[in-house]
Amino acid sequence: MNQADLSKLVSALRIAVKPKPRLFSCPEGPAGRLKKLRATVTALVKYERIELNYPRAEEAQGYAERLISDAIRNGDCHKHTMEMADYWLNEKQLVHKLFKVLVPRYQNYNSSFTRLVLGPKTYPGYFAGTAILELKGNPFPALQPETHNYHYWLHNVLLEEAKKEFRSAREDRNAGTTESVTAES
Amino acid sequence: MLRRAVLQTFRQGLAQSFFKRYAVSLTETTVTHQPIETSNEAGERSVPTQKTGDESRNTVVVAPPEFRFMYPEFLPDPAMETRNRLREKLERMDMLQRRSVIEIPEFYTGSIMAVTVADANSPNKFARFVGICIQRGGSGLRAWFILRNVVDKQGVEILYEMYCPLIQKIEVLRLERRLDESLLYLRDALPEYSTFPLDMEPERRLNNSVVPINPLKVKLRPRPWLERWERQNLQGVEDLNLPQRFYDKAEKVAKPWEKYDLMLHYRKTIPAEEQEKIFAEVHSQLQQQELKRKLRRRRGPDNEQ
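Residues numbered from 1 in each chain as written. Chains lettered and ligands numbered in written order. Predicted model: local features only at pLDDT ≥ 70, side-chain atom pairs only at ≥ 80, totals over all residues. Heavy atoms only, no water.

Under an unreviewed UniProt entry, the name given to chain B is Large ribosomal subunit protein bL19m, and the organism recorded is Daphnia similis. You can read under Sequence similarities (unreviewed entry) in the UniProt record for chain B the words "Belongs to the bacterial ribosomal protein bL19 family." Per UniProt, the comment on chain B under Subcellular location (unreviewed entry) is "Mitochondrion". (UniProt positions renumbered as here; feature names shortened; annotations may be inferred.)

With an unreviewed UniProt entry as reference, chain A is termed Large ribosomal subunit protein bL17m, source organism Daphnia similis. Of the comments in the UniProt record for chain A, the one headed Sequence similarities (unreviewed entry) reads "Belongs to the bacterial ribosomal protein bL17 family."

Below, the structure written as structure tokens:
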């Protein structure tokens, strides 16, 4: 049983966080793992939509969300947040982008800031397949079509009414047959 | 049909009794972030109770930010695999129940405390121990702290579980903090740093709103030590004066990237929104208990007269 670490206040992330991190195999060992993830997070902030292998995408999603949530919570005058932004973003103009573009964009979000979509899995290829990691609110066309289905759309209204008519007709038919049976007996 | 109705009323009764104890949680609305909290290693306490949420009609009373330092055992163990919200809620209820019976004061690592435990084998049936708190841990009802003292030139450490029913009294003789969160290096320090008189009187605090940080730097005995202190970035220890090869090896073995590992920090802590929720649940009862104790203390000497 351990006590929670109280030295930093972190915002709750709105993505599913797995209990254990993935350890990527790198020639440099554990130091190299963060170096690779840094490159991924920098690319995500720079291009706003990247296609890569699924395990790396999932890990990088966590780090990107943490960085953005820290930036929103603490702002750019906070020493620790600025140190993290400086470490995680290899290109320094992206630090400006983080605080001046992404923070106002995500200020009032109640959902996660990134979206992870499974990509094509080509045979023979990498077993886990590819994924597309994107920042929400990006200027590109949506990856997945919007699948809304509202009850007040005309065709849905007509279908509901047709269903009700069919069911009431069936009940009348059943009532008619039972009456005739009771009358006979 | 009758069985279903009975079950419904039973469930309602259970829910009602549950909610009566936690009426605060029902009035929770979105809580605005407090800009005053400390996000580094915390120092002093700021002004107590603040009110928020004046945007909506319900004003939500939120616990002051320093509650997480005063009552860290109310926060659950951050390991995701073992978390169970219902068990945590029940534990918090039991913790408050125990706190209504006995006073568990605010203390930190480095405070000097005296604990009285019921002991069947001692002549007085009570055993009292005075010592400095060198470490505290655990969460929920299993929260513990270790007191250290040197008695007859023998170092003694006792681990007390804060919510153990055998504990009769916990007094804080001197409330202060040190430069480190864990004072395990006192085991390798000169004995005078761990010696405290067993009949020590509680000291009066000069300033009630701020917990002082004792900047004492402790001298260690010559090697061998129980741990490699040079690898632990201790603030409260004097210069170790080791040969350079120790520091070189420490650098080789160090993991400087962990400072930047955001997900590692996330997995080791409870997010702020959850902390606020937990303390909002618990804070009103804790405050009521404190008020009652203060009144009893004021009335006590008057009644005796």
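This part takes up the packing of helix α2 (residues 54–74) of chain A against helix α4 (residues 93–106) of chain A. All names here are of chain A. Two elements in contact, α2 and α4, have axes separated by 10 Å at closest approach and are oriented at 85°. The orientation of α2 with respect to α4, classified from their angle, is roughly perpendicular. Between α2 and α4, the residues in contact are Leu 67, Ile 68, Ala 71 and Ile 72 and Leu 98, Phe 99, Val 103 and Tyr 106, respectively. (Axes fitted to C-alpha atoms, helices over the stretch in contact; angles between N-to-C directions. Helix = DSSP H or I, 4+ residues; strand = E, 2+ residues; numbered from the N terminus. Parallel < 35°, antiparallel > 145°, perpendicular 65-115°, else oblique. Contact = heavy atoms within 4.5 Å.)

Our focus in this paragraph is the side chain of A:Lys97. Along the chain, the position of A:Lys97 falls in helix α4. A:Lys97 has contacts with A:Val45, A:Lys46, A:Glu48 and A:Leu102, leaving out every residue within four places of it along the chain.

All names here are of chain A. The sheet built from three strands is open, its strands ordered β1-β3-β2 with antiparallel pairing. Unpaired on one side and paired on the other, β1 (49–53) and β2 (114–118) mark the two borders of the sheet. Recorded for the sheet is a direction-independent mean angle of 25° between the axes of neighbouring strands. Two elements, β1 and strand β3 (residues 130–135), share five bridges in a ladder whose sense is antiparallel. By the bridge assignment for β3, Glu 51 is matched with Ile 132. On the sheet, helix α1 (residues 30–47) packs against β1, β2 and β3 and is oriented at approximately 150° with respect to β1. (Pairing = 2+ DSSP bridges.)

Residues and elements named next belong to chain A. In terms of burial, β3 is a largely internal element, six of the six residues being buried. Residues Thr 130, Ile 132 and Glu 134 point to one face of β3 and Ala 131, Leu 133 and Leu 135 to the other, with burial holding for every one of them. Here β2 runs beside β3; their pairing, made up of five bridges, is antiparallel. Across the sheet, the residue bridging to Val 117 is Ile 132, located in β3. (Buried < 20%, exposed > 50% of the residue type's maximum accessible area, 1.4 Å probe, protein only.)

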